[in-house]
Amino acid sequence: ETGVTQSPTHLIKTRGQQVTLRCSSQSGHNTVSWYQQALGQGPQFIFQYYREEENGRGNFPPRFSGLQFPNYSSELNVNALELDDSALYLCASSPGQGAGVHYGYTFGSGTRLTVV
Amino acid sequence: DQQVKQNSPSLSVQEGRISILNCDYTNSMFDYFLWYKKYPAEGPTFLISISSIKDKNEDGRFTVFLNKSAKHLSLHIVPSQPGDSAVYFCAASVKSGGFKTIFGAGTRLFVKA
């Protein structure tokens, strides 16, 4: 079985631009969560999607938005990029909205976003 | 608002000895606690979890202890191996408008051969 795949691996954007990050969840997983990890910190929860619906959100402004597709792949969109958005963005999947908290999420290797 | 805290940025242990990683939390509504391990250039990997209704869970060399009254949990690794050298994240989950998992800042473990 394949794991979680994220693209691109690295990205450089200019302040004010928009960015889309992509994630293919592990086969059989219908729940996807996105996290932001700044340098020296733990991952911070952005939001979770279950069967194409957002069903949980952390303390991130509305310019962070997402989508989940029928094949359970997902996108994270960030508008009006700020310098502080520079971070590692991690996607995680699980076979059900509650499964991740019981049995752990499967994480991708992340997308390193640099905003200049 | 750091609801999950790992106060030790790093820990160094001799191979074969016990590693103890600590974590404190503030939200009494957390119902599951998890530990993840992360190697450089990889995403976190799930290690072990514990329900808030239990006080211990064991899986091979890894044991997690939960002290709800102290809002404290710990991960014991015994015996420690050089391959255990990584960053360890404590995480806690709550169902509030969907499931949210909050991570600590991590502890870097060095296991010396």
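Located above this text is the structure these notes cover.
I will try to describe carefully the structure that is included in this document. (Residues numbered from 1 in each chain as written. Chains lettered and ligands numbered in written order. Predicted model: local features only at pLDDT ≥ 70, side-chain atom pairs only at ≥ 80, totals over all residues. Heavy atoms only, no water.)

As for unusual backbone geometry
Stated formally: Runs of E in the DSSP output that reach at least two residues are strands. Runs of H or I that reach at least four are helices, and both are numbered from the N terminus. Only protein chains enter the accessibility calculation, which uses a 1.4 Å probe. A residue is then buried if its area is under 20% of the maximum for its type, exposed if over 50%, and partly exposed in between.
Cis geometry marks the peptide bond from Ser7 of chain A to Pro8 of chain A, where omega comes out at -10°. Along the chain, Pro8 of chain A turns up in the loop between strand 1 (5-7) and strand 2 (10-13). Backbone torsion omega between Val78 of chain B and Pro79 of chain B reads -10°, so that peptide bond is classified as cis. Its identity is not glycine, yet Glu52 of chain A carries a phi of approximately 75°, on the positive side. Topologically, Glu52 of chain A is positioned in the loop between strand 5 (44-50) and strand 6 (53-57). A relative accessible area of 41% places Glu52 of chain A in the partly exposed class. Phi angles above zero are rare outside glycine, and Tyr72 of chain A is one such case at about 75°. Tracing the backbone shows Tyr72 of chain A in the loop between strand 7 (64-68) and strand 8 (74-78).

Things to note about the state of the cysteines
Residues and elements named next belong to chain A. Quick note on the threshold: Criterion for a disulfide: a pair of cysteine sulfur atoms within 2.5 Å.
Counting across every chain of the model gives two disulfides over all chains. Note on cysteine connectivity: Cys23 is disulfide-linked to Cys91, with sulfurs 1.9 Å apart. In this structure the cystine formed by Cys23 and Cys91 twists about its S-S bond by roughly -65°; its chirality is therefore left-handed. Here Cys23 is found in strand 3 (residues 19-24), whereas its partner Cys91 is found in strand 9 (residues 87-94), with 68 residues between them in sequence. The pair Cys23 / Cys91 is uniform in exposure class, with both members buried.

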